[in-house]
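Each chain is listed here by its residues.
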Amino acid sequence: MADRDRLKEQVIAEVDRRRDELIALSLKIHANPEIAFQEEKASAWLADYLESEGFAVERGICQLPTAFRASYGKGEPRVAFLAEYDALPGVGHGCGHNIIGTASAAAGLAAKAVAGETGGTVLVIGTPAEEAAGGKVYMAARGAFQGLTCAMMAHPGNRDVAVSYALACLELNVEYHGKAAHAAARPEAGLNALDAMVAAFVNIGLLRQQLRDSARVHGIITDGGQAVNVIPHHTAASLLLRAEEDAYLDESLKGKVLACFQAAAQAMGSTDMGNVSATVPAIHPSVAVAPPDIPIHTEAFRDLAASEAGHGALLDSAKALAMTAVDVLTDAGLRQRMRREFEGGG
Ligand SMILES: [Zn+2]
Ligand SMILES: [Zn+2]
């Protein structure tokens, strides 16, 4: 364990050592916004950076010219950081993908610095067009994520979220991320996160008649959207689950309620990271760069993605992802639990 702590200190130091070049790269991508499938500069800058630092780089994988795969090391486990770098039409980097791309590359470089000791393969996979078509959908269908031990990325947001559902004494905090759009002018451009939440609550209502007498599921929607004329891009709810027997609560009730939320997310479409997480164990935490009242996909958020707050989120994301990679690379028991949870569907 002490050994693992030392490796984590090493990856943190590696990110800190590269601080200036990472911020410069993030700002360069931010200043040159390229929309879905046209991310020629951003993907080349990231791929070149990794190649110049010793990664083997394949460009244009999965028949997508702006996708790439950078790898270092060999054999199992195979830990991948996913880099997004597309911008929004008109708004530029209003989703902060300059931070995502740079943080994932940075996490890859930090993990590389300890890979000699941990063994295994470190990958940075460039995934274009999250905002439009969902590049990862094509990449997943074309096998890009097959054989990975896990895939990780962190998304800048307006709050810190470690896991999309966090368990504490069977309190569930659930969030959906969709896409904002004007509800009257261009509703079809949006992805309504409130629809998913409503569907999940309906699912839970239907589930109740199949639960044991003593079981209780009750919850509230804590974020149902920001403005009536905007398709909600984010919703959140808190629930409490109770049952007389711990075993029933843990093994049965929790899984059933989470399935209600997952089914609703699939009805929504969700982020294209969802397609990755159907293939391999995956995480997609959010790191706050903006206060709660500033949603993603806005000009205000875009400006924050190039601010000190954005730089902080970039460095924090890179460190958190790289430290998680250390855990995965060094802990066979953890990998087994990940596999079991993934195969059991939670
Ligand atoms: Zn976005
Ligand atoms: Zn995004």
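Residues numbered from 1 in each chain as written. Chains lettered and ligands numbered in written order. Predicted model: local features only at pLDDT ≥ 70, side-chain atom pairs only at ≥ 80, totals over all residues. Heavy atoms only, no water.

1. Thoughts on the packing of helix α2 (residues 19-31) against helix α10 (residues 308-330)
Right, on to step 1. Between α2 and α10, the least distance of the axes is 10 Å, while the angle of their chain directions is 120 degrees. Judged on the interaxial angle alone, α10 and α2 are oblique. Note on packing geometry: the crossing formed by α2 with α10 is right-handed. For the pair formed by α2 and α10, the contact residues are Arg19, Leu22, Ile23, Ser26 and Leu27 on the first element and Glu308, His311, Leu314 and Leu315 on the second.
Right, on to step 2. Taken together, the residues that form the contact of α2 with α10 break down as five nonpolar, two polar and two charged. (Axes fitted to C-alpha atoms, helices over the stretch in contact; angles between N-to-C directions. Helix = DSSP H or I, 4+ residues; strand = E, 2+ residues; numbered from the N terminus. Parallel < 35°, antiparallel > 145°, perpendicular 65-115°, else oblique. Left-handed = near helix turned anticlockwise from the far one by under 90°. Contact = heavy atoms within 4.5 Å. Nonpolar A, V, L, I, M, F, W, Y, C, P; charged D, E, K, R; others polar.)

2. Remarks on the coordination of the zinc ion (ligand 1)
Right, on to step 1. Protein-derived coordination of the zinc ion (ligand 1) comes from Cys95 (SG), Glu131 (OE), Glu131 (OE) and His297 (NE2), at a distance range of 2.1 to 2.7 Å.
Right, on to step 2. Positions of the donor residues of the zinc ion (ligand 1) along the chain correspond to the pattern C-x35-E-x165-H.
Right, on to step 3. A gap of 3.0 Å separates the zinc ion (ligand 1) and the zinc ion (ligand 2), which Cys95 links by coordinating each metal. Placement of the pair is Glu131 in the loop between β4 (120-126) and α5 (135-141) and His297 in the loop between β14 (286-288) and α9 (299-304), with a sequence separation of 166 residues. Neither Glu131 nor His297 differs from the other in exposure class; each is buried. (Donors = N, O, S within 2.8 Å, 3.2 Å for Na, K, Ca; no water. Buried < 20%, exposed > 50% of the residue type's maximum accessible area, 1.4 Å probe, protein only.)

3. Let's talk about the side chain of His93
Right, on to step 1. Tracing the chain through its elements places His93 in the loop between β3 (78-83) and α4 (97-118).
Right, on to step 2. Look at His93 and you get buried, because its relative accessible area is 1%.
Right, on to step 3. Non-local contacts of His93, meaning those with residues more than four positions away in its chain, are made with Ile29, His30, Pro33, Tyr85, Asp86, Ala87, Asn98, Arg302 and Ala305.

4. Quick notes on the nonpolar core
Right, on to step 1. Of all hydrophobic cores here, the largest spans 56 residues; its most connected members are Leu50, Phe55, Phe68, Val79, Phe81 and Val124.
Right, on to step 2. Not counting chain neighbours up to four residues away, the residues in contact with Val79 comprise Thr121, Val122, Leu123, Cys150, Met152, Ala325, Val328 and Leu329.
Right, on to step 3. In terms of nonpolar packing, the next biggest core, distinct from the first, is built from 27 residues, Leu172, Leu191, Ala237 and Ala265 among them. (Core = buried A, V, L, I, M, F, W, Y, C linked by side-chain atoms within 4.5 Å.)

5. Topic: the pattern of salt bridges
Right, on to step 1. Within the structure shown, the criterion is met by 18 salt bridges.
Right, on to step 2. Of the charged contacts, one joins Lys179 and Glu130 as a salt bridge, the two residues approaching to 4.0 Å between their closest N and O atoms. Highlighted residues: Lys179 in the loop between β8 (171-177) and β9 (181-182) and Glu130 in the loop between β4 and α5, separated in sequence by 49 residues.
Right, on to step 3. Lys179 gets classed as buried once you look at its relative accessible area, which sits at 16%.
Right, on to step 4. The class for Glu130 is buried, based on a relative accessible area of 8%.
Right, on to step 5. Between Arg302 and Asp303 there is a salt bridge, with the nearest N and O atoms lying 3.1 Å from each other.
Right, on to step 6. Here Asp303 falls in the partly exposed class, since its relative accessible area comes to 45%. (Salt bridge = Lys/Arg side-chain N within 4 Å of Asp/Glu carboxyl O.)

6. Examining the environment of Val114
Right, on to step 1. Positionally, Val114 belongs in helix α4.
Right, on to step 2. It is 9.6 Å that separates the C-alpha atoms of Val114 and Glu14, two residues lying 100 residues apart in sequence.
Right, on to step 3. Apart from the residues within four sequence positions on either side, Val114 is in contact with Leu7, Gln10, Val11 and Val326.

7. Examining the side chain of Asp223
Right, on to step 1. Mapping Asp223 onto the fold places it in strand β10 (residues 216-223).
Right, on to step 2. Looking at Asp223, its side chain comes within polar contact range of the main-chain nitrogen of Gly225, at 2.9 Å.
Right, on to step 3. Aside from chain neighbours lying at most four places away, what touches Asp223 is Arg159, His234, Thr235 and Ala236. (Polar contact = N/O pair within 3.5 Å; in protein donor to acceptor, adjacent residues only side chain to side chain.)

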